[in-house]
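Structure assessment
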Amino acid sequence: QVQLVESGGGLVQAGGSLRLSCAASGRTFSSFAMGWFRQAPGKEREFVAIISRNGGTSYYTDSVKGRFTVSRDNAENALYLQMSSLKPEDTAVYYCAADPSAGPILGGTPTYWGQGTQVTVSS
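These remarks concern the structure in this document.

What counts as what
- Residues numbered from 1 in each chain as written.
- Predicted model: local features only at pLDDT ≥ 70, side-chain atom pairs only at ≥ 80, totals over all residues.
- Heavy atoms only, no water.
- Buried < 20%, exposed > 50% of the residue type's maximum accessible area, 1.4 Å probe, protein only.
- Helix = DSSP H or I, 4+ residues; strand = E, 2+ residues; numbered from the N terminus.
- Pairing = 2+ DSSP bridges.
- Axes fitted to C-alpha atoms, helices over the stretch in contact; angles between N-to-C directions.

1. Describing the pairing of strand β3 (residues 18-25)
Going residue by residue along β3, you find L18, L20, C22 and A24 tucked away on one face and R19, S21, A23 and S25 left uncovered on the opposite face. In the sheet, strand β1 (residues 3-7) pairs with β3 via five bridges, with the strands oriented antiparallel. Along β3, the bridge assignment pairs Q3 with S25.

2. Some words on the sheet that holds β3
One open sheet accounts for four strands, arranged β1-β3-β8-β7; its pairing is antiparallel. Each having just a single partner strand, β1 and β7 (68-73) make up the two edges of the open sheet. On average, adjacent strands in this sheet sit at an angle of 15° to one another, irrespective of strand direction.

Now the structure itself:
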């Protein structure tokens, strides 16, 4: 079974930065299309960023474009989300997700999810 563990969340002031990490185990990391999702209070879980299996292609939701960067290190079985210029509306629980059965990049609902890490941005 695939396990995903997020870390790096915390409390930060608006304009600050955080780097989220996701450690994966259970299957070959390089075979996973992966991404980050978030769920804010009272809102649906939403796509934040996805990255292809080889790291060559990534997509972002419009609200984070230019501020967030997703990356992966397949040799270390790790996924990252560098977040800068954080805004209060970025406050949410952030989830790492993976889908071994997906194509080169995630589409639809991923198969595996981490437990989430809380990001709180104060104004």
